[in-house]
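# Structural features, examined
Given next are the chains, with one letter for each unit.
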Amino acid sequence: MSKDLFTPIELGPYHLPNRFVMAPLTRSRASDGNVPYALNALYYAQRASAGLLISEATQVVPEGQGYIATPGVHSDAQVAGWKLVTDAVHAAGGRIFLQLWHVGRISHTDFQPDHAAPVAPSAIQPKGKTFTGSGFVDLSMPRALETGEIAGVVAGYRTGAKHAIAAGFDGVEVHAANGYLIDQFLRDKANRRSDQYGGSIENRMRFMNEVVDAVAAEVGADKVGVRISPDNTFNDIDDTDPVALFTAVATALSHRGLAYLHVIEGDMAAPSKPHRVDYVALKAAFGGLYIANFGYDKKRANDAIAAGRADMIAFGKPFIANPDLVTRYLLDTPLNAPDDKTFYGGDSHGYTDYPVLSGVPA
Ligand code: PHB
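Keep in mind that this is a model prediction, so the values were computed, not measured.

### Structural notes on the site of the ligand
If you check the shell around the ligand, you find Thr-26, Tyr-67, Trp-101, His-175, Asn-178, Tyr-180, Phe-234 and Tyr-344 and nothing else. Within the side chain of His-175, a nitrogen or oxygen atom sits 2.7 Å from an oxygen atom of the ligand. For the ligand, an oxygen atom lies 3.4 Å from a polar atom in the side chain of Tyr-344. For the ligand, whose free accessible area comes to 280 Å², the fraction covered by protein is 84%. Residues of the shell around the ligand, tallied by class, amount to 5 nonpolar, 3 polar and no charged.

Following this line, the structure appears as structure tokens:
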């Protein structure tokens, strides 16, 4: 029988009842100290019928923050806060991975310890703005990491993964997408280094490989996924040869026994622009479980799974507005529309108060 969103699947050590992934979604609703709290636990638990939940991007070290009220996983209070989330998700029958994040140069001195410059592979200021306590401000000029500092940053990801498991997460996703630190090392618009972390594709992949290997050594490779965005120019990032670079990335990751590769299949900054990368070829180069993400709806998702172009599909906005998305797609009932005014920051409004179908178990 042909496969679709409702066909169970094995992911690492886990048996998933369906192929829905809740995409990682920044909601900027952590409490003081960037600590998750009960409201966040309710939000994730409401969506626990997805085969796999991926947490919002979570800074592994204080320097990894670039936006207001994003959660961290470096302090004891943050680990305790995340435990509320994982307990609630597990009680509701779900599974959740934590997304390990370092924004690199997509930050502002206001978020940095001692108001220092954000760190990056190279001292190139990205075009763009972020929202701080003083409103929308330009991203700050970063400083280039010294070669000798890089092992310490890799260790930050490893400690973040250790904390994630201590907080009850079922695994972790390494955020190597969307112009954040790992992607800054990968792509030549942001990486102009002349040491072993810059220049050739092999050198630009070194930081990603070191992070993935450190995290896998900590939690087990079969509990580690990686997210990439080969065509994305969001956050002022690009590469002169994305096909060669990301074929090499998928091939490098294929040897590591990972749980999955999660791919944003387009350019968030120009969604209708034709993509340069062949995602069927990319999936083949990786060879393992492939999660696709980029504005999928039920039909495109089922077609992609049936054709073998994807194993699972990650949905973002549909899960923001429809905690019971799995049931709604099963029954072909209409979806709630997401309210973009409540995507970032605030309270329960637009977060945990979207209606679910009545009389139907979620
Ligand atoms: C955002 O806050 O806009 C954001 C955060 C993480 C991403 C992408 C976008 O990966």
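### Details of the packing of aromatic side chains
Enumeration according to the criterion identifies 19 aromatic pairs in this entry. Relative to Phe-169, the ring of Trp-82 lies with its centre 5.3 Å away and its plane at 70°, an arrangement referred to as edge-to-face. Placement of Trp-82 in helix α2 (residues 76-91) and of Phe-169 in the loop between α3 (150-166) and β10 (171-175) is noted, with a sequence separation of 87 residues between them. Classification of Phe-169 by relative accessible area gives buried; the value is 4%. Counting every residue linked through ring pairs, the aromatic cluster contains Phe-6, Phe-20, Phe-315, Phe-319 and Tyr-329.

### With respect to the sheet that holds strand β5 (residues 96-101)
The 8 strands lie next to each other as β3-β4-β5-β10-β11-β12-β13-β14, forming a closed barrel whose pairing is parallel. Across this sheet, the average inter-strand angle for adjacent strands is 25°, counted without regard to direction. Here α3 sits on the sheet and contacts β5 and β10; the angle it forms with β5, its principal contact strand, is near 160°.

### Comments concerning the side chain of Asp-170
Within the element layout of this structure, Asp-170 appears in the loop between α3 and β10. Here the side chain of Asp-170 touches His-90 through a polar contact of 2.8 Å, side chain to side chain. A polar atom in the side chain of Asp-170 sits 2.8 Å from the backbone nitrogen of Ile-96. Discounting residues that sit within four places of it in the chain, Asp-170 has contacts with Tyr-14, His-90, Arg-95, Ile-96, Phe-97 and Lys-223.

### A look at unusual backbone geometry
You will see that Asn-34, though not glycine, has its phi angle at about 55°, which is positive. Its place among the elements puts Asn-34 in the loop between β3 (20-22) and α1 (38-46). We note that Ala-69 has phi near 60°; this positive angle belongs to a residue other than glycine.

Conventions and cut-offs
- All residue numbers here refer to positions counted from 1 along the written sequence of the relevant chain.
- Local features are withheld for residues below a pLDDT of 70 in this predicted model, meaning they are given only at 70 or higher, and side-chain atom pairs are given and counted only at 80 or more; totals for whole chains, interfaces and linings count all residues.
- Only hydrogens and water are removed before side-chain values are computed, so all heavy atoms of the structure are retained for them.
- We define proximity as follows: a residue is near a molecule or strand when any one of its heavy atoms falls within 4 Å of that partner.
- Any pair of N or O atoms that falls within 3.5 Å is considered a polar contact. Within protein, one atom must be able to donate a hydrogen and the other to accept it, and sequence-neighbouring residues count only if both atoms are side-chain atoms.
- Only the protein chains shown count as cover for residues, with accessible areas throughout obtained via the Shrake-Rupley method and a probe of 1.4 Å.
- Here the term charged refers only to Asp, Glu, Lys and Arg, the term nonpolar to Ala, Val, Leu, Ile, Met, Phe, Trp, Tyr, Cys and Pro, and the term polar to all other amino acids, Gly among them.
- Pairs were defined over the aromatic rings of Phe, Tyr and Trp, the Trp ring being its six-membered one, requiring ring centres within 6.5 Å. Orientation was assigned from the angle between planes: stacked under 30 degrees, edge-to-face over 60, tilted for the rest.
- Where helices and strands are cited, they refer to DSSP runs of H or I of at least four residues and of E of at least two residues respectively, numbered from the N terminus.
- Exposure classes here rest on a 1.4 Å probe applied to the protein chains alone. A residue is buried below 20% of its type maximum, exposed above 50%, and partly exposed in between.
- In this scheme, strands are said to pair when DSSP sees at least two bridges between them.
- Angular values range over 0 to 180 degrees, each being the angle between N-to-C directions of two axes fitted as lines to C-alpha atoms, with helices fitted over their stretch in contact.
- The contact criterion used is simple: two residues touch if any of their non-hydrogen atoms lie within 4.5 Å.

Remember, this is a structural readout, not a statement about activity or role.
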